[in-house]
Amino acid sequence: MHELSLAEELVAECCRLAGGRRALSVRVGCPPTVDRAELEEGFYSLVPGSALEGANLEVQEAPCELSCPCGFVGQVGPEQLAGHFAICPQCAQARPVPGGVELLALRLEAQRST
Ligand SMILES: [Zn+2]
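Residues numbered from 1 in each chain as written. Predicted model: local features only at pLDDT ≥ 70, side-chain atom pairs only at ≥ 80, totals over all residues.

Visitor: Got a minute to help me understand the environment of V76 in this structure?
Guide: Looking at the element boundaries, V76 is found in strand β4 (residues 73-76). Among the residues examined, V76 registers 22 C-beta atoms within 10 Å and is labelled buried. A C-alpha to C-alpha distance of 9.5 Å links V76 and P32, two positions 44 residues apart in sequence. (Helix = DSSP H or I, 4+ residues; strand = E, 2+ residues; numbered from the N terminus. Buried ≥ 20, exposed ≤ 12 C-beta atoms within 10 Å, placed from the backbone.)

Visitor: Honestly, the pairing of strand β1 (residues 23-30) in this entry has me stumped. Any pointers?
Guide: For a regular strand, the rule is simple: side chains alternate between the two faces of the sheet. Pairing of β1 with strand β8 (residues 102-108) involves six bridges; the strand directions are antiparallel. Pairing of V26 across the sheet is with L106, part of β8. Where β1 lies against strand β2 (residues 56-61), six bridges are found, and the strand directions are parallel. In the sheet register, V26 faces β2, and the bridge partner there is L57. With helix α2 (residues 36-46) bridging β1 and its parallel neighbour β2, the resulting β-α-β unit is right-handed. (Pairing = 2+ DSSP bridges. Right-handed = clockwise from strand over helix to strand, strands pointing away.)

Structural measurements only, silent on function.
Structure follows, in structure tokens:
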């Protein structure tokens, strides 16, 4: 499942960035090509036992950008999207769009001074 592998990458990246500290919250940008509920489910199923355990996942809608070989570059809305493809408004061809989740912010607990 695509969303689960995105969640795995996200959790792995956050753990790396956390560097042994605990994460309090994670904010990500989620394009309309990604099923938000499945991403959240994947995230919360992966975090127990990791630095992200107990962290809150905040999902923010991210625009989906299409860069088409015909020269069109721009944002596409849900009405142009079908699965992981977008219909180019300029040439009407279906083009794959990136379905990545972008890490926007990672809040870590303060380093203990002791
Ligand atoms: Zn095009």
